[in-house]
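A structural walkthrough
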Amino acid sequence: MKFDRFGRLALRAGAVLAGLCVTAAAAAQTVQTVPGMPPVTNPHDMYSNAGFNMFSPAVKGALPRIYVPNLRSNDVYVIDPATFKVVDRFAVGRSPQHVVPAWDLKTLWVTNNAEGRNDGSLTPIDPMTGKPGKADPVDDPYNMYFTPDGKEAIVVAEAFARLDFRDPHTMALKSRLPAPECKGINHADFSIDGKYAIFTCEFGGKLVKIDMVNRKVLGYLQLNKRGMPQDIRVSPDGKVFYVADMMADGVYLIDGDSFKQVGFVKTGIGTHGLYPSRDGTKLYVANRGSNKVHGPRNGPGSVSVIDFATRSVVANWPIPGGGSPDMGNVTADGKWLWLSGRFDDVVYAFDTATGKVQIIKVGMEPHGLAVWPQPGRFSLGHTGIMR
């Protein structure tokens, strides 16, 4: 009996100790975000708040639509994803590049960078009506992101190798941050805690790391001098940044904290756009089918599917007859991957269960389309970096 009593006490003590260890481990894994950024509820999956149909109240009443900016016809086509048909189109500024959801999810911004000119602008779209508003004149808005606290928009002024921090509603200029060694600065993603961002430098084969707290350049990383890094997306646990490179035909793996290359995954010709699956387990990679900035029609474009856990390609979806998948996003239910067909004046809707594709005709040279509404609490920009 004496042995049993002490045995029970030992078991209880062991259970308490184990519980304390689990609590300590959980506390150690807590992500300390920058002030004003919503908390990371799952350190192993920063996309867990943007899962299947996890809509914010801010998007209630938003029309289910696909917004397609057409670079050469200076307009936006609007597609109903339920019917796969174009239901509207409207003119915007010159050279619309991307449709960007605002941090507060209440506006979609069309970035009209007016390639080679000085009359760039941002056209707001009301997602409740699907209609555009009056454009705001802005210097070279190739792309746009938002600070993790939502207090400022970050306009990517590609032609000037510069980031312009603006009021997220009025777009009034607040400050500028030059990144002189980042020629062709264009796409970005943020660390899990919001403390830094990594931008791609398309015309120099580099990356630039930006301190988002102190607003300064932390350094550059040369990938390949002949490379053309495009989209960038961080793994669910925040440890590895995946960087698409259209000349390397694959994605570089970058340790964000040390800012060093840790791997490379071959995908397909002209690797360009990157989009996590709705459950956060896979990464859809759009391979544009050409290593040229202006490629041919009906090229060998495809979509590769990377498993985040193994960092390997687990599927490849070709386009019958060829194509040029570029930029887009995944639907709220995870069933469709929508991508622009950059060189073919079409949009693709890939069935994520089978890889089969539907094709819809749009305007001239479609680029960064947005799927809306998207799940998530806030948007960090681009075509919907939702968290």
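Notes on the structure follow. Bear in mind that the values here come from a model prediction, so they are computed numbers and not experimental data.

With respect to the secondary-structure elements, S324 resides in the loop between β24 (312-318) and β25 (325-330). For S324, the side chain forms a polar contact with the side chain of D344, separated by 2.6 Å.

Core analysis: the largest hydrophobic core is formed by 33 residues, its most contacted members being M144, Y145, F146, L163, I185 and F199. When residues of this core are traced back to their parent elements, those giving at least two are β9 (141-146), β10 (153-157), β11 (162-166), β13 (185-190), β14 (196-201) and β15 (206-211). Leaving out residues up to four positions away in the same chain, F199 has contacts with Y145, V156, L163, I185, H187, A188, K206, L207, V208 and I210. Listed in part, the 18 residues of the second largest apolar core include Y196, L207, L221 and V243.

Let us now look at the pattern of salt bridges. Applying the stated criterion across every chain yields a total of 20 salt bridges. Across the pair R65 and D80 runs a salt bridge whose closest N-O atoms are separated by 4.0 Å. In this pair, R65 is assigned in strand β1 (residues 65-70) and D80 in strand β2 (residues 75-80), connecting sequence segments 15 residues apart. As far as the burial class goes, R65 and D80 line up, both buried. For D193, the salt bridge identified is with K195, shortest N-O distance 4.0 Å. Members of the salt-bridge network, linked through shared partners, are R72, E115, R288, D326, R342 and E365.

Rules of the game
- Residues numbered from 1 in each chain as written.
- Predicted model: local features only at pLDDT ≥ 70, side-chain atom pairs only at ≥ 80, totals over all residues.
- Heavy atoms only, no water.
- Helix = DSSP H or I, 4+ residues; strand = E, 2+ residues; numbered from the N terminus.
- Polar contact = N/O pair within 3.5 Å; in protein donor to acceptor, adjacent residues only side chain to side chain.
- Core = buried A, V, L, I, M, F, W, Y, C linked by side-chain atoms within 4.5 Å.
- Buried < 20%, exposed > 50% of the residue type's maximum accessible area, 1.4 Å probe, protein only.
- Contact = heavy atoms within 4.5 Å.
- Salt bridge = Lys/Arg side-chain N within 4 Å of Asp/Glu carboxyl O.

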